[in-house]
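Listed below, chain by chain, are the residues.
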Amino acid sequence: MTILQLNRIHKAFGVDVLFEDVSFEVGENDKIGLVGVNGAGKTSLFKILTGEMPYESGDIVQSKLTQIGYIEQHACHNSENTVFDEFLGVFAPLVAIEQALAEIHHDIEQKKGDIDQLIKRQDSYNKQYEAAGGFLYKSRVRAMLL
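Rules behind the numbers
- Residues numbered from 1 in each chain as written.
- Predicted model: local features only at pLDDT ≥ 70, side-chain atom pairs only at ≥ 80, totals over all residues.
- Heavy atoms only, no water.
- Helix = DSSP H or I, 4+ residues; strand = E, 2+ residues; numbered from the N terminus.
- Buried < 20%, exposed > 50% of the residue type's maximum accessible area, 1.4 Å probe, protein only.
- Contact = heavy atoms within 4.5 Å.
- Phe/Tyr/Trp six-rings, centres within 6.5 Å; stacked < 30°, edge-to-face > 60°.
- Expected span 1.5 Å × (residues − 1).
- Polar contact = N/O pair within 3.5 Å; in protein donor to acceptor, adjacent residues only side chain to side chain.
- Pairing = 2+ DSSP bridges.
- Salt bridge = Lys/Arg side-chain N within 4 Å of Asp/Glu carboxyl O.
- 1 Å grid on protein atoms, 1.4 Å probe; cavity = no way out; pocket = protein on both sides within 12 Å on 5 of 7 lines; lining within 4 Å.
- Points joined across faces, edges and corners; volume = space filled by probe spheres on them.
- Nonpolar A, V, L, I, M, F, W, Y, C, P; charged D, E, K, R; others polar.
- Axes fitted to C-alpha atoms, helices over the stretch in contact; angles between N-to-C directions.

Student: Where do I start with the environment of Leu45 in this structure?
Tutor: Note that Leu45 resides in helix α1 (residues 42–49). By relative accessible area, Leu45 is classed as buried at 8%. Sequence separation between Leu45 and Ile9 is 36 residues; the distance between their C-alpha atoms is 9.3 Å. With residues up to four places along the chain from it excluded, the contact list for Leu45 reads Leu6, Phe19, Phe24 and Leu34.

What follows is the structure, encoded as structure tokens:
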């Protein structure tokens, strides 16, 4: 099953063409290495894939179940963090849901607010969390690091 497909992606900075007609497909179980000299466009390609950078032309098709993230080469935001913690930063939306669920759980235990509404919010967050791979992301990070 194809989870990501790029067709004829073109990226330029003014008149300087970084890359053109880049096409490839990634299957569900593929392992990929992206190699190139400095300035070849590796980081730009990842920024395009994550939506951080626009591209001039081409098509990107991504499976609904696929989430793309990357860790910058020199992106240690907190030198106290472990490599595992830095990789978890890619999953900030899931961490935010975990925090919201913990707050709701606390409010339910303390009987703060409308319990029925809290349970509805909890159910909604649980569904989002599960759909986004919340129960698997930490084990996937461990597997990537291994």
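That covers the picture; the talk isn't over yet.
Student: What am I meant to see in the packing of aromatic side chains here?
Tutor: Between two aromatic rings, the relevant description is the distance of the centres plus the angle of the planes. If you walk through the whole model with that rule in mind, you get 2 aromatic pairs. For the pair Phe91 and Tyr137, a centre-to-centre distance of 5.2 Å together with 40° between the ring planes defines the contact as tilted. In this pair, Phe91 is assigned in the loop between α2 (83–88) and α3 (92–109) and Tyr137 in helix α5 (residues 137–145), connecting sequence segments 46 residues apart. The buried category is assigned to Tyr137, whose relative accessible area is 2%.

Student: Would you explain helix α4 (residues 115–131) in this entry?
Tutor: Every α-helix carries 3.6 residues per turn, so stepping three or four residues along brings you back to the same face. The end-to-end C-alpha distance of α4, which contains 17 residues, comes to 24 Å, matching closely the 24 Å that a straight helix rising 1.5 Å per residue would cover. Capping the start of α4 is the job of one residue whose side-chain oxygen sits 3.0 Å from the backbone nitrogen of Asp116: Asp114. Positive backbone phi, approximately 85°, marks Gly133, located one or two places after α4.

Student: When you look at the pairing of strand β1 (residues 2–13) in this model, what are you seeing that I'm missing?
Tutor: Looking at chain direction, β1 and strand β2 (residues 16–27) are connected through 8 bridges and run antiparallel. Residue pairing in the sheet places Ala12 in a bridge with Val17 of β2. With antiparallel pairing between neighbouring strands as the criterion, β1 and β2 make up a hairpin whose turn holds 2 residues, including Gly14 at a positive phi of roughly 65°. Looking at chain direction, β1 and strand β3 (residues 57–62) are connected through 5 bridges and run antiparallel. Looking at the pairing, Gln5 lines up with Val61 of β3.

Student: Any chance you could explain the pattern of salt bridges here in plain terms?
Tutor: Close approach of charged atoms allows side chains with opposite charge to pair. Inspection of the entire model under this criterion finds 3 salt bridges. Two residues, Asp21 and Arg8, come together in a salt bridge whose shortest N-O distance is 3.2 Å. Of the two residues, Asp21 sits in strand β2 while Arg8 sits in strand β1, which places them 13 residues apart along the sequence. Classification of Arg8 as exposed rests on a relative accessible area of 54%.

Student: Any chance you could explain the layout of surface pockets here in plain terms?
Tutor: Over the atoms rolls a probe the size of a water molecule, and in doing so it shows where empty space is left. When its volume is computed, the largest pocket comes out at roughly 2000 Å³. In terms of lining, the largest pocket is formed by 47 residues, of which the most central are Phe46, Gln67, Ile68, Gly69 and Met144. Those elements that place two or more of their residues in the lining of the largest pocket are β1, β2, α1 and α5. With 6 residues, the top contributor of residues to the lining of the largest pocket is α1. Residues that form the lining of the largest pocket fall into these classes: 24 nonpolar, 15 polar and 8 charged.

Student: Explain the sheet that holds β3 here, please?
Tutor: As a general point, the strands of a sheet are linked pairwise by backbone hydrogen bonds and lie either parallel or antiparallel. Pairing is antiparallel in the open sheet, where 3 strands are placed in the order β2-β1-β3. Edge positions in the open sheet fall to β2 and β3, since each of these has one partner strand only. Ignoring which end each strand starts from, the neighbouring axes of this sheet average 15° apart.

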